[in-house]
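# Fold and contact review
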Number of protein chains: 4
Amino acid sequence: MGKEAIKTAIKIDFDKKPWEQAGIHNRWHPDIPFAATVKPGEVFHIQCFDWTGGQVANDDSADDIRNLDLNGCHFLSGPVGVDGAEPGDVLVVEIQDIQPFADKPWGYTGVLDKEAGPSLLDAYYPEAIKAIWDFEGIFATSRHIPHVKFPGLIHPGILGTMPSAELLAKWNIREKDIHDHHVEIHSPLMVARLPQENGTYAGNSIDPEKFAKVAKEGARTIPPREHGGNADIKNLSRGSKAYLPVFVNGAGLSVGDLHFSQGDGEISFCGAIEMAGVITLKCSIIKNGVKDFAMNTPMFLPGPVEAHYGPSRYLTFEGISVDENGKQHFLDVHIAFRQACLQLIEYFKQFGYSGEQIYLLLSSAPVQAHIASIVDIPNSCTTIGIPADIFDFDIMPREGKIEPMDMGSCAYTTTK
Amino acid sequence: MGKEAIKTAIKIDFDKKPWEQAGIHNRWHPDIPFAATVKPGEVFHIQCFDWTGGQVANDDSADDIRNLDLNGCHFLSGPVGVDGAEPGDVLVVEIQDIQPFADKPWGYTGVLDKEAGPSLLDAYYPEAIKAIWDFEGIFATSRHIPHVKFPGLIHPGILGTMPSAELLAKWNIREKDIHDHHVEIHSPLMVARLPQENGTYAGNSIDPEKFAKVAKEGARTIPPREHGGNADIKNLSRGSKAYLPVFVNGAGLSVGDLHFSQGDGEISFCGAIEMAGVITLKCSIIKNGVKDFAMNTPMFLPGPVEAHYGPSRYLTFEGISVDENGKQHFLDVHIAFRQACLQLIEYFKQFGYSGEQIYLLLSSAPVQAHIASIVDIPNSCTTIGIPADIFDFDIMPREGKIEPMDMGSCAYTTTK
Amino acid sequence: MGKEAIKTAIKIDFDKKPWEQAGIHNRWHPDIPFAATVKPGEVFHIQCFDWTGGQVANDDSADDIRNLDLNGCHFLSGPVGVDGAEPGDVLVVEIQDIQPFADKPWGYTGVLDKEAGPSLLDAYYPEAIKAIWDFEGIFATSRHIPHVKFPGLIHPGILGTMPSAELLAKWNIREKDIHDHHVEIHSPLMVARLPQENGTYAGNSIDPEKFAKVAKEGARTIPPREHGGNADIKNLSRGSKAYLPVFVNGAGLSVGDLHFSQGDGEISFCGAIEMAGVITLKCSIIKNGVKDFAMNTPMFLPGPVEAHYGPSRYLTFEGISVDENGKQHFLDVHIAFRQACLQLIEYFKQFGYSGEQIYLLLSSAPVQAHIASIVDIPNSCTTIGIPADIFDFDIMPREGKIEPMDMGSCAYTTTK
Amino acid sequence: MGKEAIKTAIKIDFDKKPWEQAGIHNRWHPDIPFAATVKPGEVFHIQCFDWTGGQVANDDSADDIRNLDLNGCHFLSGPVGVDGAEPGDVLVVEIQDIQPFADKPWGYTGVLDKEAGPSLLDAYYPEAIKAIWDFEGIFATSRHIPHVKFPGLIHPGILGTMPSAELLAKWNIREKDIHDHHVEIHSPLMVARLPQENGTYAGNSIDPEKFAKVAKEGARTIPPREHGGNADIKNLSRGSKAYLPVFVNGAGLSVGDLHFSQGDGEISFCGAIEMAGVITLKCSIIKNGVKDFAMNTPMFLPGPVEAHYGPSRYLTFEGISVDENGKQHFLDVHIAFRQACLQLIEYFKQFGYSGEQIYLLLSSAPVQAHIASIVDIPNSCTTIGIPADIFDFDIMPREGKIEPMDMGSCAYTTTK
């Protein structure tokens, strides 16, 4: 008698390439076949690669970050069909647990080369850097950012349902529009990654005709969209519930880009503590929920379990929408947030850290980024708070010159 | 023996107009004389008008909101000189308490007419509306938004030091630049309020020559700036410490725009629960702190005392930077946040509330607005979470059509 | 239009003696006439003396504590009749706020002489001592216990309904039984204070015949009982709801013994930060609730607003039921708790505090006392946790001898 | 490059009996040889049996609970030697994580037969009962107690260092004293379990002579003592630090009795959710800490990670030291706590639960038991608070008769 062991809906094999495996894909498209199916109420595991499918090593060089092949990213596990889910329903996904693999107790935070993708502070930190994090139970520490230790608010960066053909078409149109507009105005900015056949994976059970369609039309996995996707919401952690709209029969749930921890904003593109691991899920269905909840984008409930630092232990920095050159912008939250981050970095440099170290830390530690005010023309105000209790020394502002410590170094590129 | 009663550095008189009183001003300028001085370590009270100086009544019409004279706003209490503070120091302001006046146990939340100033959702809610909140001890309830009750995370919307002449000049230049640019391009948007002689108050002890200077050059009080000012940070509440840079001898601390409660973003311009009241402060000085902390904008530590709702009790909505017309924008946090707010409003309409009621609620209740991700091109993701425990009915998503309740109405304008 | 000011159901006058005033009483008895009546749903204030009616001064001598006249204590405000409450109902009392009087921003913690009443550590600290606390907004600091500052979790030590004649008789019998038993066995312990005519007050509107009855039979206010009473529950603070059984028509609610803060256990008899102040209440009635909830003693819901220290900031000490002489007791929680407190005191002596100072601190600061295990024969385990963040120096255990500081002194008796 | 996998200091084998394995013992004695050694700063795993070594099955009968062989309990993993630890030092044990075995996602809560050991409510629930809990990720649910679900605050019930011969002798004397006293007075109560040769295990590498000594003198593992031991402190969870005094060279750390969750008090003897699992630890040493901290019993710091329910979501019950027969006791916390528990049980019976179900729930769910006041003669007041958010229905007190639900049944004994 008693309950059976929990089933693993999607298993991965580290001895094979990600793209040689069933249940791994890297595009959003309704024609990708389900790699597994589950019943409502059933608890199941899904194993996940890190977002790059294993391109980054536990070493002291950022060369792998600089050389990342982004066409293949993200390597997602799925899609999983949920019995009975129909378009218009809401899929309730309960995240019951997430764990790194026991034999892979580490992760990494990176800043990509500026050309590879935007990061909040790429004007200041344009080159690839990296920090390795070791997991000690629930805690992360880094030889590249000493005197810091914190428990992970572990979560999937990506959790989404499969789009319908109609929704997919809408995405492709609107993203092409902004892309084309920037091309027209000769903007150097990469504003959107469009479908790209090169690097497309859709599991190993798809028939060639459908694969061609997926490769041609499949939405890239970088942005969050109406189905969920790469929302990078740091408190979608253990015990959370995500309410995702369903667009295809069976919903087609995929998950990946697991993060041991992330700061609000994930400000450097590869900013969280990226890891491979196992997520434990349970799904239920609310019939017709999309209409009944007037739902356009997902809703969620955070989990009850978190690290709790007293509110008065968050040293908090403000940013306003005046840029680094003193130029006034109109209620620009992006600029205001950048200023808050830059302020924080300057403050911590006084203790001996490099700017690069704090940039990596800000991306990965449980910092809180709030929109404080958004109507006080012309300045919006954003705040970023960092918990004092993740440091093993006193970071609080006090009278007297701070004595800088030897803080070592994060990983830089070593070859050109 | 024993301690003396706490001194009131600035007293106000509700039987007189705000501008007839010492210690009330509405511009930032180094020539405004100190209305009081305090010593480091001394605890003192400052009494404050509501931000409009009493223009809004506890009634069921939004006419007063529509007719607000904004030239006189905000009515601030100060400046208070702090013995020994010098330019380059950091003024540590400990907010020890804030209370409404015992005989004025109410406040209000308003949305201004679209012409009067921007609000996040002015495209949807262009006309003046209002809700009155009654204070029952630490709680607020509103006859205009029934079935809601929450304790206030009470705070000053505005807390700042006086700028130096140099800093003031910098502000005036950068704000005029953006203003002029928008005039040039015939933008209908009001992007900044420039100095304006009409409506200037600088206390009643200033000599006429200096007053003329203040009226001509004095910075308006609407935006937050490097000195603090109208930051509208909702958790700068009881027990917080603000670290403000000092630009003039004596610092010149002013405070006002008290809020019984506010949601992150204060999304409707007059969005918090505005009130008159008394703030209790204690100041200390960190010599040369501006340089030692590499400080450009204020830092702060929130207080230890808050209403705590379990993290899993925040029903959370996402927004991405695709606007209401389906147009894709590039990592625009402002648009993403607007979408999250609109989603939340639509959800709550199912329970019988009007959009106006929830717009007012969102501005005033302790909602949390986070920047979730800001690098996942082309979509940023913001979230807004509202605590279920402020409602006296169950707001959680469940199977089955929601039965709407009779929710009455907020206050609208009654005359034209 | 708008709401009227909140009514004050019971006002006190500091220029008169407590016992000269309507609405002040110090016994529980159904014949004490209501001093005011309120309606369900009505918000009202009640003003309260400190528990001693003003016998303790803001000075540096503990003589007043030693000389306390306990027959008159506690001076309670009430009883207040609630329209419609009947025996068998549950009175829901919402504590909306508690504030000290603005012109009395101080309180005190005392340890009584051992003869006057038991305190947890009277074997070690048998003589009267005192600490004065100054209120700085929401914070308390003491010149008698330096380097400590914390916000008060303000609450009424006493909140109760009037007993019926039957219930009162039951109390008097059971308390007399234990008292008489201890007299019989020549125990030196004072185990219960029985009704005593001397010192009885019942308001100034009671007729002489009824007063005689109250004086003869009225239950003393020291113990908590089925009606509530002196429960000294530290988180019955702002925003709490107490569910009290009703025994007489109109319920007869009385309140007093206000505490600015208290540690779990209130381990020294006069252990909280005792103060005079104003409490804001709202009552409602649940008909027949006593039966429907199978209620024998009160229930309550704490309020949502507290000071929050991270859980990992509570330095926690254990005690087991082996006494100071090494003698084993059987699952005795009282002894285990005493050991935990003694351990804590010894630890803090290393920093330079006297045992007396920490004894007073333990009684008044927001320490958490948990029953950890109660079945592991023969030892129960209790824990007491003290938040590190109330100290302005680092209290955490670290390698190396602690350097004691000059910690001054608490107040002792000065005359014999 | 990079970090090696974390070492497992003690491995167990479920295919063998616990007592056939190295690294499993069930007595405290300095002669038990170390089963492994670790270095300060080294992270390591220890695998643990459940406290009974596998005597309880995942089924619907409580026969196994009734038939438990307690002589063998608890089966502890250890002792582990820590390099460099010497008597007088403090061993800092950081609990970095605890997990159930992936293929054993379940645990149990039991109440023993009254004869087997005391439980708080054995007068009411004298027979063996059981509830099985299934682990869904971080959550526990039970087919025996429906409509309840909560995340575990997972912890070791037992964590301790090895006593010196002197300390062990002291324990044996004081416990024999109380045992003999009760025998003398013909008390039917089992007050202490003394050393007993039958059932002793000390690992499989001990030489026979030493084994005989351990069997004769070894302290039983039931009570917590000065070295730690069976403290059953529910928040000694992930991220906690325990400060344990060292009595022998190498400290000799042992751990076991893992709990997925436990309520304060663990009121039924086998009251937590008992499980087998893996604990991840890291140790450091504070030289001479016992003297420097005046330490007699362990100290600890809880971890930062917990489930957080809003304080106002804890429905809280009071108990006073008047027993069920109306008899007055003097400040008896044990009796007061029992009353609070009984009150809670009666309340929840209204919803359809049996008393047995709630008794098991109280022992295992994250309930908070506080000593509220301990000086208000003759009544102490204790409180027990249960979080509303662990139920999937509304437990709050409301007007109107509660409609009981079908709550099924917990497991009872099926044979005699």
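Figured I'd write up the structure that's included with this text. Here the structure is a predicted model, which means the values were calculated and not measured.

## Considering the pairing of strand β22 (residues 381–387) of chain B
Residues and elements named next belong to chain B. The buried count for β22 comes to seven of seven residues, which makes it a mostly enclosed element. Of the two faces of β22, the one holding Cys-381, Thr-383, Gly-385 and Pro-387 and the one holding Thr-382, Ile-384 and Ile-386 are both buried throughout. Relative to β22, strand β20 (residues 314–320) is paired through seven bridges, and the arrangement is antiparallel. Along β22, the bridge assignment pairs Phe-317 with Ile-384. Relative to β22, strand β21 (residues 368–373) is paired through five bridges, and the arrangement is antiparallel.

## As for the interface of chain C and chain D
Taken together, the contact pairs 88 residues of chain C with 88 residues of chain D. If you list the elements that add at least two residues to the side of chain C that touches chain D, you get α2 (165–184), β12 (224–225), α4 (289–292), β18 (299–301), β20 (314–320), α5 (333–349), β21 (368–373) and β22 (381–387) of chain C. Element by element, the count of residues in the side of chain C that touches chain D is highest for α5 of chain C, at eight residues. Here two bridges tie β20 of chain C to strand β18 (residues 299–301) of chain D, and the two strands are oriented antiparallel to one another. Across the sheet, the residue bridging to Phe-317 of chain C is Met-299 of chain D, located in β18 of chain D.

## As for unusual backbone geometry
Residue Gly-78 of chain A is joined to Pro-79 of chain A through a cis peptide bond whose omega torsion reads -10 degrees. When you line up the elements, Pro-79 of chain A lands in strand β5 (residues 76–82). Cis geometry is found at the peptide bond from Cys-73 of chain C to His-74 of chain C, where omega equals -10 degrees. Structurally, His-74 of chain C can be placed in the loop between α1 (63–66) and β5 (76–82). At His-147 of chain C, a position not held by glycine, the phi torsion is positive, near 70 degrees. Looking at the secondary structure, you find His-147 of chain C in the loop between β9 (139–141) and β10 (150–151). A positive phi is found at Ala-251 of chain D, a non-glycine position, where the angle reads about 75 degrees. As for its position among the elements, Ala-251 of chain D is in the loop between β14 (241–245) and β15 (253–259).

## Section: the pairing of β14 of chain D
Residue and element names in this part refer to chain D. Here β14 lies mainly inside the structure; five of its five residues are buried. Covered by surrounding structure in β14 are Lys-241, Tyr-243 and Pro-245 together with Ala-242 and Leu-244, the residues of both alternating faces. Inspection of the sheet shows strand β6 (residues 90–100) paired to β14 by five bridges, in the antiparallel sense. Counterpart to Glu-94 in the pairing with β14 is Lys-241.

Reading the values: rules and limits
- Residues numbered from 1 in each chain as written.
- Chains lettered and ligands numbered in written order.
- Predicted model: local features only at pLDDT ≥ 70, side-chain atom pairs only at ≥ 80, totals over all residues.
- Buried ≥ 20, exposed ≤ 12 C-beta atoms within 10 Å, placed from the backbone.
- Helix = DSSP H or I, 4+ residues; strand = E, 2+ residues; numbered from the N terminus.
- Pairing = 2+ DSSP bridges.
- Contact = placed C-beta atoms within 7 Å.

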